[in-house]
Structure formats: C-alpha cells, structure tokens
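# A structural walkthrough
These are the residues of each chain, in order.
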Amino acid sequence: MKHYLKIRINTKRKTDALLKLNKVKVDIKNIIYMSDSLILEIEKEDLKKVKKYLASFKIEILDETGLYKAKKEIKKNSLFIISLIFGLLTFLLLSNVIIKVNVIHNSKEIRDLLTDALKERGVTSLTFKKSYDEYEQIIEEIKAEYKDKIEWLEIDVDGMIINIRVEERIINDYDTNYNTCHIIASKSGTITSIRVEKGIAEVTHNAYVNTGDILINGMIKLNDEVKNNVCAAGEVYAEVWYQVNTSFPLNYEEQELTGKWRFNFTVTTNIKEYTILKSRVKEKIIKKIPLFKVFGIEFAITKEYEVITTNKKYTEEEALIKATELIHEKLQMNNQIEEIITEKVLKKSINNDNLDMDIFIAVNEQIGKREYYTIEMESDTNDESNNGGNNGVN
Amino acid sequence: MRIVKNLQNFLLDQDYYIDIFKNCLHVYYYLDLVSLSSTLIELKLKEFNLIIEGENLTISAMDNHEILINGLINNMRFNR
C-alpha cells in the first residue's frame, strides 16, 4: 500500500509549482487551491524529489493519510485505547457474572430444592449468566423433574442478580374425572350443523341455543336411567351474530424506498440496542444481519434503507373497504369460524379523521366446547335434576 | 478508478482516453503538461495537443499518465 503525505506548498505561483511537479513525474492527489498555498497529497518516497526541485518553495508536511494516519493516531492514543478496551472487557465480564441467586418463596423446602436444582445446572453465584434460551431450557427441565412440586417457575435477570419466582403445586384430594364430559355451547346461536362422534345429540338443526346449553350429552340414558357415561365428542356449528364497533383512521403514511442504503453496526445487550455509527439516513427501514454473540451481547451489521414517507388520506369508500378487510382478517384469526355468512354496515360516520362504523356480521362458527363432570356428583344430584335442578355439571 | 482504466486499456488497447463529466475532464495517457493557467490548459497527447479553455481551471490530481481537471470548460480544441 502506498504511503501518502499531505503537504502544503506556500506559494502564489501555484501553476509553476504544479508544472514543475509534473515535469519531475510526481504523483499528486487531492489538490486544493488556497489563496497563498497549495495543499496536496504525494507519495512519501517522492518527498525528497519535491523538496529538491521545489527548493525555492516553502514546503511543510501537514499530515499522513489513509491507514498510516490511523496507525499514527492509534500509536499516539495507545494508552487510552488499551484502557478503553480493558475497561470494556472488564465491564462485559462483570455485567455477565451472577453475584446472587434469589429464590422468592415462603417455603424453605422449595427454596432449597430450587437452589440445588439451579446449582446442578450451573446457575449459582460467581458464574456467568446464561442466554434466554438456556434459562428457558433450565425452567423446562426443573418443571419436568419436580412436576409434582412446582406449578410455575420464572427466571428474572435483574442486573447481576437472578430472581427465581416460583409457584408451588398444590395437589387437591379430589380428582376430576376426565373420562366424562358434555359438549356445551360456548356462544348463543342457531345450529347449522351437528356431527356427533360420541354421546347423545341434545339439539337439532335450526334450533336456537344459549351459552352453556348442553349440545351433546355424555350421559347415555335409557328411560331416564343413566346407562353409561362417556366423554362426548363431535362438532357443532351455529350461526352466531356479532356487532362490531370499529374506528378506522383516514390518514396514513406510505413509505417508498429511495434505493439509497448505508451500512451500520449495532450492539444489543439485554437492556438496550446501541448503534455504533451515526446514521446518515434520516428515515429508514433497518435490516439486521447478526454477526456473533459474546456473553449475551449480540453484534450485528445493519443495512439502513432510506425511505421517503408521504402522508396520504383514504376516501370514505377506500376506508370502508380497508376497515372491512381488517375485520375479516381478525375474524379469520379465530380458527373456530368457518365462514362469514352475511355482513351489513349499520351505521357509519366520520369523526376527527376517523371512520366510525357499526357492522353486523353473521358467521358460521364451531360453538361446542367440552365440560367435564364427575359421575359421583351426577349420581348425587340425580334427584335434583329430576326436581328441575341442574344435572351436576361442574 | 485506475484498475478499471488499466483493464479497459488492456482490453481495448487504446493510446488515450478523454472522459468529460460535469465541470470535470479526465485525460488518460497524456504525454506532457505543456501549459497551465486558470483559463487555459494544454496537454500533449500522442497524435495531437489538447487545448482546454475555460474559467477557474484547476488540477485536482495528476500522475505520469492521467490528469483530472476541474473548472468551467468553455472550449476544447485539438491541435495536430
């Protein structure tokens, strides 16, 4: 690599100086014309030649350029840079060390149990912190190992302290019998189709049902006498009505890529994301390319794509279409809904640049859900059911 | 820039190139800088002398083979 020097030639006869330099075949870069001088870059090995042929001119070396300048600066500030690196490494080291593990629970037994379990898995004081995924794995392992003692477990990293929050599992004496269940209505609606796999259908096509009504009965009866109890299974679809109130903004922003982009670097810690270089793009979309991860700190290259944002406004018709599409999208996220039967805009008005609407929607939806019951309770309450009470559903 | 030019020269085997940009002139493979002022620059090329006339003409960079001239160029002539 060529070693360039930035020099100043103090002269008012700039053209003479340049012609002389040209005659002696000196490579010159970045010539800047000043009022009484010329600033230019020449190769270091040409300096002697320049001084010899331009003996009548006053020449001073201003600086070095490129990597040599960087090298010189680094050498000059070596103590500061070494201290900075050392400080950074110490900070990284210390911020990734656990100094205390707090198990938050009233029971000493649970606290000791978890402390030992975590110690076995390398989570103890004066050790390095682990990543989020590793903590997740440890939680799962401990929950699996002590499934009869631990209901819920959370590891919360608070600086250099690890807080373990735990909920003890309390096992009740009574057992719910998961072999006996009804299918009940989760919503009110008119039955459109019913498919029974197990149990007795209690409703028919076009019947109106209310929330909580039994759709498929798990009790197999003959002449009002329960012969068998099963866990009812099947699908029950009903026409369910919804009235949706929505407010859709008419103003929106549209972003368009300009084609200009810049590289940048980011460092992401548990707390914050730091951008290393000053961003030269005002409005941007960022694409992140992860490089490596050290002590839970992620280093990444980011590509900043410049965008131009323009403010636009929907017409009332466009807003109506967009709002309806949004409602459809949200309804389709509910996988119980099979199809939208009908919809009608009941009311619409524009307030403060928002389109406010009331929409009526009728959908075909699976409304059946399981509800377990115990046979003992059923037998206890048989008399009640005969007297018009409920039939023992929990 | 030089790598591209060298490659171009190798592939096309030309004796010289003259590229004109906005307020900028790049001459590759000139033989000599004959005269230089803020209004006139004369370059010697293989087959002719290139005379550039304009205002505030300055040289931004030069070496044995190429030269980059900045300024408002009004006129260019070939003197054979």
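All of the points below concern the structure found in this document. (Residues numbered from 1 in each chain as written. Chains lettered and ligands numbered in written order. Predicted model: local features only at pLDDT ≥ 70, side-chain atom pairs only at ≥ 80, totals over all residues. Heavy atoms only, no water.)

### Overview of a nonpolar patch on the surface
Residues and elements named next belong to chain A. Together, Leu93, Phe128, Phe265, Ile276, Leu277, Leu291, Phe292, Val294 and Phe295 give the surface a local cluster of nonpolar side chains, amounting to about 800 Å² of exposed area. If you tally residues by element for the nonpolar patch, the top one is strand β20 (residues 284-294), at three residues. The topology assignment puts leucine 93 in helix α4 (residues 78-95). (Patch = residues over 30% accessible without salt bridge, like charges linked within 9 Å, V, L, I, M, F, W, Y side chains within 5 Å. Areas by Shrake-Rupley, 256 points an atom, 1.4 Å probe, with all protein chains shown as cover. Salt bridge = Lys/Arg side-chain N within 4 Å of Asp/Glu carboxyl O. Helix = DSSP H or I, 4+ residues; strand = E, 2+ residues; numbered from the N terminus.)

### A closer look at the environment of A:Ile184
All names here are of chain A. Secondary-structure assignment places isoleucine 184 in strand β10 (residues 181-185). Isoleucine 184 sits in the buried class, given a relative accessible area of 4%. Taking C-alpha positions, isoleucine 184 is 9.7 Å from alanine 232, a pair spaced 48 residues apart along the chain. (Buried < 20%, exposed > 50% of the residue type's maximum accessible area, 1.4 Å probe, protein only.)

### What about the sheet that holds strand β8 (residues 150-158) of chain A?
All names here are of chain A. Strand order across the open sheet formed by three strands is β6-β9-β8, with mixed pairing between neighbours. Each edge of the open sheet carries a strand with a single partner, namely β6 (100-104) and β8. Each strand of the sheet is rotated relative to its neighbour by a mean of 15 degrees, with strand direction disregarded. Pairing between β6 and strand β9 (residues 161-168): five bridges, direction parallel. By the bridge assignment, isoleucine 104 is partnered in β9 with arginine 165. Where helix α5 (residues 108-120) meets the sheet, its contacts fall on β6, β8 and β9, and the angle it forms with β9 comes to roughly 130 degrees. (Pairing = 2+ DSSP bridges. Axes fitted to C-alpha atoms, helices over the stretch in contact; angles between N-to-C directions. Contact = heavy atoms within 4.5 Å.)

### Details of the pattern of salt bridges
Under the counting rule described, the total for this entry stands at 23 salt bridges over all chains. A salt bridge links B:Asp32 to A:Lys23, with the nearest nitrogen and oxygen atoms 3.6 Å apart. You can see B:Asp32 sitting in strand β3 (residues 32-36) and its partner A:Lys23 sitting in helix α1 (residues 14-23), one on each of two chains. Here B:Asp32 falls in the partly exposed class, since its relative accessible area comes to 25%. The partner of B:Glu53 in a salt bridge is B:Arg77, with the nearest N and O atoms 3.0 Å apart. A residue pair is termed long-range when its members are at least 10 positions apart, and B:Glu53 in strand β5 (residues 49-62) and B:Arg77 in strand β6 (residues 66-79) qualify at 24 residues.

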